[in-house]
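The residues making up each chain are set out below.
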Amino acid sequence: PGDGAAGAGARVRLGPPRTSDATPGGRRRTVLEGRRRVGVVTVAAELDPHAEALLRTATGAGLRLVLGDSVGTREIAGAADEVVGADEPLADVIRRLQTEGRGVLVVSAADGPALLAADVGVAPTRAGRAPAWGADLVTGTRLTDACRIVAATVDAREVSRRAVHTALTGNVLGGLLAAVGGPRRGQRKATT
């Protein structure tokens, strides 16, 4: 389609891809009609159909959600607690969060250093590419497995809390039993 300025039947095509700081994770391409520039488009990989489900699962689990800034994730970035600029390596962000006392679970198909730095690294595989071997867990190509893992953190947190409570209770009771009675009998009861 054209207004005739470039000639009747001029073909519309895309110019060569260029990266830009304004479009991290995407490529800018000039739209040409014949030789005339008629626009600019940004091309980015399509989000996994389960990306929004993963975000809902993370926020529903009460987790702090951090996303890397990318053209492809800007439409869902509103759900994030923090969006990290493309100039800050994800591994540095993870170490900062760990310094703040946070446990970090990372889902990434490509960022090996971030997966290694995380407390738990989950790497969905990508068709035709080797998996990110720095991960603790390698999953299928869709984010459904990652959703299940993130959802399991709720139960894991509760089990961990109960285990700490049980261990503390056992420790206190053992100390009390060791303090009561004779040295042999009290210590025997404490270890039981």
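Turning next to the sheet that holds strand S7 (residues 120-124). Sheets are built from strands paired through backbone hydrogen bonds, the pairs being either parallel or antiparallel. What the three strands build is an open sheet, ordered S6-S7-S8; its pairing is parallel. Each having just a single partner strand, strand S6 (105-107) and strand S8 (137-139) make up the two edges of the open sheet. Looking at each pair of strands side by side, their axes are set apart by 20° on average, direction ignored. Alignment of S6 against S7, held across three bridges, turns out to be parallel. Paired with Leu105 across the two strands is Val120, which belongs to S7.

Among the secondary structure elements, Glu82 is positioned in strand S5 (residues 82-84). Setting aside chain neighbours within four positions, we find Glu82 in contact with Arg64, Leu65, Val66, Leu67 and Arg96.

Further remarks concern the pattern of salt bridges. Any two side chains of opposite charge can pair, on the condition that their charged atoms come close. In the structure shown here, the tally under the stated rule is nine salt bridges. For Arg102, the salt bridge identified is with Glu100, shortest N-O distance 3.4 Å. Exposure remark for Arg102: the relative accessible area of 37% places this residue in the partly exposed category. Assessed through its relative accessible area of 47%, Glu100 is described here as partly exposed. Arg148 is the partner of Asp145 in a salt bridge, and the nearest nitrogen-oxygen pair spans 2.8 Å. In this pair, Asp145 and Arg148 both sit in helix H4 (residues 144-179), three residues apart, roughly one turn of the helix. Classification of Arg148 by relative accessible area gives exposed; the value is 56%. Several salt bridges converge on common partners, so that one network encompasses Arg64, Glu82, Arg96, Glu100 and Arg102.

The rules behind these values
- Residues numbered from 1 in each chain as written.
- Predicted model: local features only at pLDDT ≥ 70, side-chain atom pairs only at ≥ 80, totals over all residues.
- Heavy atoms only, no water.
- Pairing = 2+ DSSP bridges.
- Helix = DSSP H or I, 4+ residues; strand = E, 2+ residues; numbered from the N terminus.
- Axes fitted to C-alpha atoms, helices over the stretch in contact; angles between N-to-C directions.
- Contact = heavy atoms within 4.5 Å.
- Salt bridge = Lys/Arg side-chain N within 4 Å of Asp/Glu carboxyl O.
- Buried < 20%, exposed > 50% of the residue type's maximum accessible area, 1.4 Å probe, protein only.

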